[in-house]
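Topology and contacts: notes
Residues per chain, in single letters:
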Amino acid sequence: MMPHAGEFIFPNDMNGVAWTVMIVLYPYITGLVAGAFVVAALYHVFGRKELAPVARFALAMSFSFCAFATLPLLLHLHQPQRAFFIMFMPNFTSAMAGFGFIYSFYLTLLAVEILLVFRSDIVEMAQGKGVRSLLYKVLSLGVLRETAKSKQIDAKWIHALSIVGIPGACILHGYVGFIFGGIKANPWWSTALMPVIFLSSAIVSGIAMLIVLYVLFSKLRGVRVDDECLRSMMKTLWLFLILAVTLESLELLNMAYEEGAEWHMLSRLVTEKLRFSFLYVQLIIGSSIPFVLLLIGWMKKTSPRIRVTLGTISGLLVLVQVLAMRFNVVIGGQMLSKSFRGFVDYIPEWQGREGILVAMGVFTLPFILLAAVSQILPVWKIDAHDH
Amino acid sequence: MSCCDKKGPKDACCETQTQPKGFMDTAESRREFIWDAVKNFTFGAMTLTAIPLFIEKADAEEVHTGKDGKEVKGHTVLFGYLVDTTKCIGCGGCMLACKKENDVPDGQFRTWVERYVYYKDGSVHVDVNTKGTFAFTELPPLDAKEVDKAFFVPKLCNHCVDTPCIQVCPVGASYKTKEGVVLVDYEQCIGCAYCVQACPFGTRFINTKTQTADKCTWCYHRIEHGEKPACVDVCPTGTRTFGDINDPESEISKALATNRIDVLKSYLGTRPKTRYIGLTAEVV
Ligand code: SF4
Ligand code: SF4
């Protein structure tokens with residue numbers, strides 16, 4: 001490529017990026033859904049019994065985030081009143097067309113699994129009179145009797161749903177990665193690794209959020225953090241963090257090594273445009289530091305008190321890392337004008353339907369729902385009969 | 001989805017077209033041809049000389065009408081567009097005409113004209129007048145002593161044969177007419193902007209007035225009545241040629257047959273039907 005003076009972007013790029021912060025938020029939220037579900041499944045399917053203290057909460061968290069996963073998309077659509085066209089007249093050559101179906105399937109699966117996991121408690125609380133018991137009567141779906149046999153059947157279903165839910169979570173989130181990975185027009189997106197990168201970072205973010213919320217809720221409830229449970233989560237997080245960062249770096253390394261036609265722009269994208277969010281936040285602050293903290297944290301010798309601190313700090317850092325990763329993919333990819341001669345400016349908007357304030361508002365909704373769910377259902381109860 | 005299921009500007013899309021003789025266009029006519037060829041084989045080897053021709057035609061037909069082309073006797077109209085960059089003077093009349101004809105919002109473009117400047121120091125500078133003013137009055141003047149060469153390149157939707165934009169549209173709002181024109185159904189588009197991301201040429205945008213995807217339609221409302229796109233009509237130098245590339249007698253077919261033709265970003269395999277004369281490697 002010849003050296004060139006001055007930048008040139010296609011004129012339609014001068015209005016900024018087409019996918020805004022809402023499209024950053026959407027994979028972030030679905031990632032949390034998938035990640036939390038994986039933790040629940042580690043307990044229900046893979047017999048990781050030490051995770052029992054968070055198993056129920058993980059499901060509730062997964063559901064609470066899932067319930068709002070479509071909201072950012074809806075806010076982003078320029079014709080939101082036509083949103084359901086995507087299910088009524090899907091064009092299946094589009095990577096996006098399956099979204100409505102995959103999402104509905106997953107949300108239903110989560111709801112059913114939660115109702116089954118909490119069935120005994122729901123039935124118990126539905127017995128009384130008054131408004132509150134009415135709520136549980138509704139949640140019990142009218143079946144107010146439990147027998148040993150019905151419990152057995154429920155346990156089987158929970159197991160089955162957890163098993164189905166694992167590939168479900170992989171599809172839900174791997175699919176989000178494919179929406180980007182399948183765009184050949186954009187060299188920053190177009191890679192078969194994208195679904196795997198999204199999936200591994202989803203699991204990372206889900207576990208990190210679970211650690212942070214577990215510690216927070218324990219403090220609020222005035223109970224001790226279960227050391228074995230936390231240690232196990234930190235170890236799992238550490239492993240998945242390595243996987244995620246390796247994949248992300250491999251992708252970049254490959255681009256750099258091949259030095260393809262667009263590398264002169266991609267390298268500038270990484271080192272200039274995304275210098276802060278990619279190099280500093282995603283790679284150093286969000287990956288390298290938690291890598292060390294988690295390593296120290298999950299070692300047996302570390303004292304439980306320090307473990308809680310290290311777990312919380314690394315959890316928060318990892319959450320920032322994954323958010324930065326979503327930003328770097330979604331916004332970063334669009335900064336690259338398809339003229340490959342210049343960069344599109346991204347000016348974050350505060351107000352407006354797709355502004356940062358609304359995005360922040362949207363992101364608080366799952367937490368509010370989660371708080372409500374944890375008031376209604378005994379999310380911290382440890383099940384003996386789950387296994 | 002066949003174009004014929006669509007709402008919107010489709011009236012002409014399923015009509016049987018009148019066509020010149022000798023054009024093999026349908027499976028049926030191909031079968032007939034093969035049968036004839038087999039029969040004729042016994043009469044002489046003459047027919048055999050036509051087989052390579054037939055193969056060429058069949059290939060070309062597939063490129064042109066796609067898989068769901070309705071079977072009609074003879075040839076189907078297939079539109080194409082040719083930009084001869086060597087003729088463009090960069091006046092920008094086409095941009096103004098397009099804006100007026102299609103009510104394109106300020107700051108958004110269905111077509112635009114890029115200027116490529118090759119400096120003696122080896123650098124290449126590209127710019128574009130986006131102000132919507134006539135002629136390239138807004139672009140900095142060049143010093144002939146510093147410049148090796150400079151030229152203009154008009155851009156527009158390529159109406160690709162293999163369209164990433166149609167592929168990714170989740171609701172089928174982006175579609176292709178039988179004549180190969182890629183359109184957006186504005187009543188169906190949900191405004192997700194996936195197609196904006198998928199088009200490698202920067203030709204799509206979310207129209208700020210209609211809040212749907214938008215792009216060059218080759219002035220479908222004009223060409224379906226036999227007129228030319230506004231930009232073609234207005235161009236004072238004949239840079240832009242539009243017509244039926246399935247008609248060997250059309251101006252565009254003749255120009256395509258006798259010139260060295262290129263397309264933008266051919267490596268992406270979208271097979272544009274907007275073709276170019278006089279591109280250089282720097283034009284993307
Ligand atoms: S140029 Fe872009 S919008 Fe036009 S047909 Fe090709 S991919 Fe689609
Ligand atoms: S913006 Fe409209 S035309 Fe483009 S992909 Fe979305 S629904 Fe289809």
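All of the points below concern the structure found in this document. Worth saying up front: this structure is predicted, and the values here are computed from it rather than measured.

1. A word on the overall build of chain B
Scanning chain B from terminus to terminus reveals 8 helices and 10 strands. Counting over 284 residues, chain B shows a buried share of 55%. Put simply, of all contacts in chain B between residues at least 6 apart along the chain, 66% involve residues at least 24 apart.

2. Points about the sheet that holds strand E2 (residues 111–119) of chain B
All names here are of chain B. Strand order across the open sheet formed by 3 strands is E3-E2-E4, with antiparallel pairing between neighbours. What marks the edges here is a single partner per strand, and that holds for strand E3 (124–128) and strand E4 (147–156). Each neighbouring strand pair of the sheet contributes to a mean axis angle of 20 degrees, computed without reference to strand direction. One ladder, built from 5 bridges, connects E2 with E3; its direction is antiparallel. Within E3, the position partnered with Tyr-118 by the bridge is Val-124.

3. Overview of the nonpolar core
Trp19(A), Val54(A), Met61(A), Phe180(A), Trp188(A), Met233(A) and Tyr194(B) are the most contacted members of the largest nonpolar core, which totals 144 residues. The element best represented in this core is helix H1 (residues 21–44) of chain A, accounting for 19 residues. When residues no more than four places from it in sequence are discounted, the contact partners of Val54(A) are Val39(A), Leu210(A), Tyr214(A), Cys229(A), Met233(A) and Trp380(A). Core analysis: the next-biggest nonpolar cluster, separate from the first, contains 41 residues, Val113(B), Phe152(B), Cys216(B) and Tyr276(B) among them.

4. Observations regarding the site of ligand 2
Looking at ligand 2, the residues that line it are Cys169(B), Pro170(B), Val171(B), Ser174(B), Cys189(B), Ile190(B), Gly191(B), Cys192(B), Ala193(B), Cys195(B) and Ala213(B). Class assignment of the residues belonging to the shell around ligand 2 gives a composition of 9 nonpolar, 2 polar and no charged.

5. Points about the pattern of salt bridges
All names here are of chain B. Applying the stated criterion across every chain, the model contains 20 salt bridges over all chains. The closest approach of N and O atoms between Lys-209 and Asp-103, which form a salt bridge, is 2.7 Å. Here the residue Lys-209 occupies a position in the loop between strand E7 (205–206) and strand E8 (213–214), and Asp-103 occupies one in the loop between helix H3 (93–102) and E2, the gap between them amounting to 106 residues.

6. A few points about the pairing of strand E1 (residues 79–84) of chain B
All names here are of chain B. With respect to burial, E1 is a largely interior element, 6 of its 6 residues being buried. With 5 bridges joining them, E1 and strand E9 (residues 240–244) adopt antiparallel strand pairing. Paired with Tyr-81 across the bridge in E9 is Phe-242. Taken together, the 4 bridges between E1 and strand E10 (residues 274–277) define a ladder with parallel strand orientation. Bridge pairing in E10 links Tyr-81 to Thr-274.

7. Quick word on helix H11 (residues 263–273) of chain A
Residues and elements named next belong to chain A. Of the positions making up H11, those classed as buried are Trp-263, Met-265, Leu-266, Leu-269 and Val-270. The buried side chains of H11 occupy one side of the element, clustering within an arc of 165 degrees when seen end-on. The elements touched by buried residues of H11 are helix H10 (227–258), helix H12 (275–298) and helix H13 (304–335).

8. Structural notes on the environment of Lys100(B)
Secondary-structure assignment places Lys100(B) in helix H3. Judged by its relative accessible area of 73%, Lys100(B) is exposed.

9. Quick notes on the packing of helix H6 (residues 119–126) of chain A against helix H7 (residues 131–139) of chain A
The description of two packed helices rests on the angle between their axes and on the distance between the axes. Residues and elements named next belong to chain A. Relative orientation of the contacting elements H6 and H7 amounts to 140 degrees, with a least axis distance of 8 Å. Between H6 and H7, the angle is such that the two are oblique. For the element pair H6 and H7, the recorded crossing hand is left-handed. Contact residues: H6 offers Ile-122, Met-125 and Ala-126, while H7 offers Ser-133, Tyr-136, Lys-137 and Leu-139. Residues belonging to the contact of H6 with H7 are distributed by class as follows: 5 nonpolar, 1 polar and 1 charged.

10. Section: the packing of aromatic side chains
Under the counting rule described, the total for this entry stands at 31 aromatic pairs over all chains. Ring centres 5.6 Å apart and planes at 35 degrees place the aromatic pair Tyr28(A) and Phe363(A) in the tilted group. A residue pair is termed long-range when its members are at least 10 positions apart, and Tyr28(A) in helix H1 and Phe363(A) in helix H14 (residues 356–376) qualify at 335 residues. Judged by its relative accessible area of 4%, Tyr28(A) falls in the buried class. Relative to Phe101(A), the ring of Phe92(A) lies with its centre 6.1 Å away and its plane at 35 degrees, an arrangement referred to as tilted. The exposure class assigned to Phe92(A) is exposed, which follows from its relative accessible area of 60%. One cation-aromatic arrangement involves Lys149(B) over Tyr118(B); the distance from NZ or CZ to the ring centre is 4.6 Å.

11. Points about the side chain of Ser200(A)
Residues and elements named next belong to chain A. Along the chain, the position of Ser-200 falls in helix H9 (residues 194–221). Ser-200 sits in the buried class, given a relative accessible area of 3%. A distance of 3.1 Å separates a polar atom in the side chain of Ser-200 from the backbone oxygen of Ile-197. When residues no more than four places from it in sequence are discounted, the contact partners of Ser-200 are Leu-243, Ala-244 and Leu-247.

12. Topic: the interface of chain B and chain A
With 53 residues of chain B in contact, the opposing surface of chain A contributes 41 residues. Where chain B abuts chain A, roughly 3,800 Å² becomes buried across the two surfaces, and 57% of that area is made up of carbon and sulfur atoms. One can count 0 salt bridges joining chain B with chain A. Applying the counting rule to chain B against chain A returns 28 residue pairs in polar contact (both at pLDDT 80 or more). For the side of chain B that touches chain A, the secondary-structure elements that each account for two or more residues are E2, E3, helix H4 (164–168), helix H5 (194–198) and E7 of chain B. With 5 residues, the single largest contributor to the side of chain B that touches chain A is E3(B). For the side of chain B that touches chain A, the residue count by class is 28 nonpolar, 18 polar and 7 charged.

Calculation criteria
Residues numbered from 1 in each chain as written. Chains lettered and ligands numbered in written order. Predicted model: local features only at pLDDT ≥ 70, side-chain atom pairs only at ≥ 80, totals over all residues. Heavy atoms only, no water. Helix = DSSP H or I, 4+ residues; strand = E, 2+ residues; numbered from the N terminus. Buried < 20%, exposed > 50% of the residue type's maximum accessible area, 1.4 Å probe, protein only. Contact = heavy atoms within 4.5 Å. Pairing = 2+ DSSP bridges. Axes fitted to C-alpha atoms, helices over the stretch in contact; angles between N-to-C directions. Core = buried A, V, L, I, M, F, W, Y, C linked by side-chain atoms within 4.5 Å. Near = heavy atom within 4 Å. Nonpolar A, V, L, I, M, F, W, Y, C, P; charged D, E, K, R; others polar. Salt bridge = Lys/Arg side-chain N within 4 Å of Asp/Glu carboxyl O. Arc of directions from axis to C-beta. Parallel < 35°, antiparallel > 145°, perpendicular 65-115°, else oblique. Left-handed = near helix turned anticlockwise from the far one by under 90°. Phe/Tyr/Trp six-rings, centres within 6.5 Å; stacked < 30°, edge-to-face > 60°. Lys NZ or Arg CZ within 6 Å of the ring centre and 35° of its normal. Polar contact = N/O pair within 3.5 Å; in protein donor to acceptor, adjacent residues only side chain to side chain. Buried area = accessible area lost by both parts, 1.4 Å probe.

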